[in-house]
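Residues per chain, in single letters:
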Amino acid sequence: MLNESSLAPVDGGTSAYSFLLASFFVQALVWGFQGANGIFLDSYLTTHKYNSQPHASTILPVIGPLSSGIIYCSGVVLYPFYARYPYHRRTFMWVGVALAWASLFSASYVTSVVAILLFEGVLYGIAGSFLYACCISYMTEWFVNKRGMANGVIFAGTAFGGIIVPLTIPQLIKAYGLPKTIRIFSIAIVVILVPLLPFVRPRIPDSRMHQQIPAPQSKEWMKSTTIWIALAANTLQGFGYFVPIVWLPTFARELHVTTSQAALTVALINGASVFGRISMGYLSDVLDPFFLAMSTLLSTSLVTFVIWGLLSRNLAGLFSFGIAYGMLASGWTSLFTAFVRPVAKENPNLTTTLFGYFLFSRGLGNILSTPISSGLITGSTVDMRKAFPLSGGKYENVIIFVGTCFAGAAGISLLGWAMDLRQRARCRISSS
C-alpha cells in the first residue's frame, strides 16, 4: 500500500510544476522538428539531388506526417504497456533520446529519399513516441483537478518549439546547408534533453512499483456514446488540421516571398498555438468540452474559407490566417482530458489509455491527410475563375477540404453538446 502522505502533492508544489516545466521543453524539442516539416519539405523539393529522384514529389511530403503520425498512433500500444509496467517508462525515455539523435544524425548523411523517409519519418517517430507518451503518462499522476490546465501547458510546449525551430532552421540551412542543419539539430537534442529528463519523473517512485500491475479489465467506457462522438470529431479534425502546417510555406512561395518569410507563416501558427492550447486547457476544466469544441471548430472552418481562401493574396493576409488558425485550431488537443474525464473519473491508467485512442485517431488523419492533399494539389487545374484563384486556383481543393473537415467536426461536436445538455437535464430532474 502507498502512503499518500509520503508522496509529493498533486495539482501543485515544486515537484509537480518542475515536472510540468521540464515536460513543456521536452515536447518543445520533440515536436519542434515536426513543426519545421514544411520548411524541410520546401528545402528538399527545391534541391536537385533530392527532387530529381524517382517518386520524390510523393515520398518527401509524407516524411513529416509519417513521423508525427507514429508519435500519435503509438499511444494505443505504449499507454497500456506503461500502465502495466510503469517502472519501464524512464528506460523508454532514455532510449527515445538515443534514437532521436541516431535517426537525425543518420538522416543528415544519406541522400536517398527512401532512406530519409526511414530515418526522419519512421525512426524519429518511434523516438518521439517514447518521449511524448512518458510525459502524458506522468502527467496523470501529478495532476487531477488541474489536469486540463496541465495538458494544455504540455501541448503548448509543442507549439513553443514550433515557434523557435521554424525561425531558426532557415538561417541554419542558409549558413550550413540542409544536411549539416539536421546534424546540428540531432546534437541539440542530446545537449538539451539529457539535463531535462531527471525532472520528468513519476509522482509514485519506481522503487514502489517493481511489480506487474494487472491490465485494466473494464471496458465500460466502450458503452459511452459521448466518447465515440468525441473520437469521430477528433478524427475528422485531424484530417484537416495538419494540411495548412505542411503546405503553408509552399503556398507562401506563390506570393514570391523569402524563405524566412515563408517560415514565419508556420511560426505564427505555432506562436498563436501557445495561447490557444493553454487557454483551452484552462477552459476545459470549467466549461463543457463539446461546447468549446463546436465553437472553435466552426470558427476555424470560417477562418479557413475566408482568410486563407479569399484574403491570403498577400503576406499580411497569410500572416493573419496563421495567427487566427493557430489560436483556434491548435487548442483542440487540450480538450482530450475533458472528453475522457466523465468516463475515466480518477483512474490515471484508464485516462492514459483513452488518451492513446484519441491520439491514434488523430494520427490517422495526420498520416492520411498529406497524400490526400498532395493529390488534390497535383490534380487541380489552373483556372483564374475559381473561387480561390491564387496561383490559378491550385490550392482551391485543399482549402475546401480543410474547411469542410472542420465544419463536419463542428457538426459532430454539436451532437455531443446536445447529448451532454440532455444528460444534465435528466440528472437535475432525478435529483429534484
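In the block above lies the structure referred to throughout.
These numbers were taken from a predicted model, which means no experiment stands behind them.

**Structural notes on the overall build of the protein chain**
Moving on, step 1. Scanning the protein chain from N- to C-terminus turns up 17 helices and zero strands.
Moving on, step 2. Dimensions along the principal axes, computed over C-alpha positions, put the protein chain at roughly 65 × 50 × 35 Å.
Moving on, step 3. Residue burial in the protein chain is summarised as follows: out of 432 residues, 56% are buried.
Moving on, step 4. For the protein chain, contacts bridging at least 24 residues in sequence account for 83% of all contacts bridging at least 6.
Moving on, step 5. Summed over its atoms, the accessible surface of the protein chain is roughly 17300 Å², and 68% of this surface lies on carbon and sulfur atoms.
Moving on, step 6. Within the protein chain, one finds 27 positive and 14 negative side-chain charges whose respective centroids are separated by 3 Å.

**Digging into helix α11 (residues 259–284)**
Moving on, step 1. With 26 residues, α11 extends 37 Å between its outermost C-alpha atoms, agreeing within 8% with the 38 Å of an ideal straight helix rising 1.5 Å per residue.
Moving on, step 2. Along α11, the helix axis deviates most sharply at Ser273, where the bend reaches about 30 degrees.

**Quick look at the side chain of Thr304**
Moving on, step 1. One can find Thr304 in helix α12 (residues 289–311).
Moving on, step 2. Setting aside residues up to four positions removed in sequence, Thr304 forms contacts with Gly309, Phe321, Tyr325, Ile399, Val402 and Gly403.

**Some words on helix α15 (residues 348–378)**
Moving on, step 1. Between the first and last C-alpha of α15 there are 45 Å, a value that for 31 residues agrees with the 45 Å anticipated at 1.5 Å per step.
Moving on, step 2. A bend of about 30 degrees at Ser369 is the largest found in α15, and the proline Pro371 appears one to four places after it.

**Some words on the environment of Gly128**
Moving on, step 1. Turning to its location among the elements, Gly128 is positioned in helix α7 (residues 113–142).
Moving on, step 2. Taking C-alpha positions, Gly128 is 6.9 Å from Ala100, a pair spaced 28 residues apart along the chain.
Moving on, step 3. In contact with Gly128, other than residues within four places in its own chain, are Val30 and Ile71.

**Describing the packing of aromatic side chains**
Moving on, step 1. Taken as a whole and judged by the stated rule, the model has 34 aromatic pairs.
Moving on, step 2. Look at Trp308 and Phe321: their rings are 5.2 Å apart centre to centre, the planes differ by 25 degrees, and that puts the pair in the stacked class. With Trp308 in helix α12 and Phe321 in helix α13 (residues 315–329), this residue pair connects regions lying 13 residues apart in the sequence. Like Phe321, Trp308 is buried.
Moving on, step 3. Taken together through their ring pairs, the aromatic side chains of Trp31, Tyr72, Tyr132, Tyr241, Phe242, Phe251, Trp308, Phe321, Tyr325, Tyr395 and Phe406 make up a single cluster.
Moving on, step 4. The residue whose ring lies beneath Arg183 is Tyr109, and the NZ or CZ to ring-centre distance is 4.0 Å.

**Here we look at the packing of helix α1 (residues 14–35) against α7**
When two helices pack together, their arrangement is captured by the angle between the axes and the distance separating the axes.
Moving on, step 1. For the pair α1 and α7, interaxial distance at closest approach is 10 Å and the crossing angle is 160 degrees. Judged by the angle between their axes, α1 and α7 are roughly antiparallel. As for the relative orientation of α1 and α7, their crossing is left-handed in sense. Residues Ser15, Ala16, Phe19, Ser23, Val26, Gln27, Leu29, Val30, Trp31, Phe33 and Gln34 of α1 lie in contact with α7, whose contacting residues are Glu120, Tyr124, Gly128, Leu131, Tyr132, Cys135, Tyr138, Met139 and Trp142.
Moving on, step 2. When its residues are assigned to classes, the contact of α1 with α7 shows 14 nonpolar, five polar and one charged.

**Let's talk about the pattern of salt bridges**
Moving on, step 1. With the rule as written, the count across this model stands at two salt bridges.
Moving on, step 2. Here Glu141 ties to Arg89 by a salt bridge, and the two come within 2.9 Å at their closest N and O atoms. Of this pair, Glu141 sits in helix α7 while Arg89 sits in helix α6 (residues 89–107); the two residues are 52 residues apart in sequence, bridging distant segments of the chain. Like Glu141, the residue Arg89 is buried in the burial classification.
Moving on, step 3. A salt bridge links Asp285 to Arg341, with the shortest nitrogen-to-oxygen separation between them at 2.9 Å. Here Asp285, found in the loop between α11 and α12, pairs with Arg341, found in helix α14 (residues 336–344); they are 56 residues apart in sequence, far enough to count as distant.

What counts and what doesn't
Residues numbered from 1 in each chain as written. Predicted model: local features only at pLDDT ≥ 70, side-chain atom pairs only at ≥ 80, totals over all residues. Heavy atoms only, no water. Helix = DSSP H or I, 4+ residues; strand = E, 2+ residues; numbered from the N terminus. Buried < 20%, exposed > 50% of the residue type's maximum accessible area, 1.4 Å probe, protein only. Contact = heavy atoms within 4.5 Å. Areas by Shrake-Rupley, 256 points an atom, 1.4 Å probe, with all protein chains shown as cover. Lys, Arg positive; Asp, Glu negative; His and termini not counted. Charge placed at Lys NZ, Arg CZ, Asp CG, Glu CD. Expected span 1.5 Å × (residues − 1). Bend = angle between axes of the 7 residues up to and from the residue. Phe/Tyr/Trp six-rings, centres within 6.5 Å; stacked < 30°, edge-to-face > 60°. Lys NZ or Arg CZ within 6 Å of the ring centre and 35° of its normal. Axes fitted to C-alpha atoms, helices over the stretch in contact; angles between N-to-C directions. Parallel < 35°, antiparallel > 145°, perpendicular 65-115°, else oblique. Left-handed = near helix turned anticlockwise from the far one by under 90°. Nonpolar A, V, L, I, M, F, W, Y, C, P; charged D, E, K, R; others polar. Salt bridge = Lys/Arg side-chain N within 4 Å of Asp/Glu carboxyl O.

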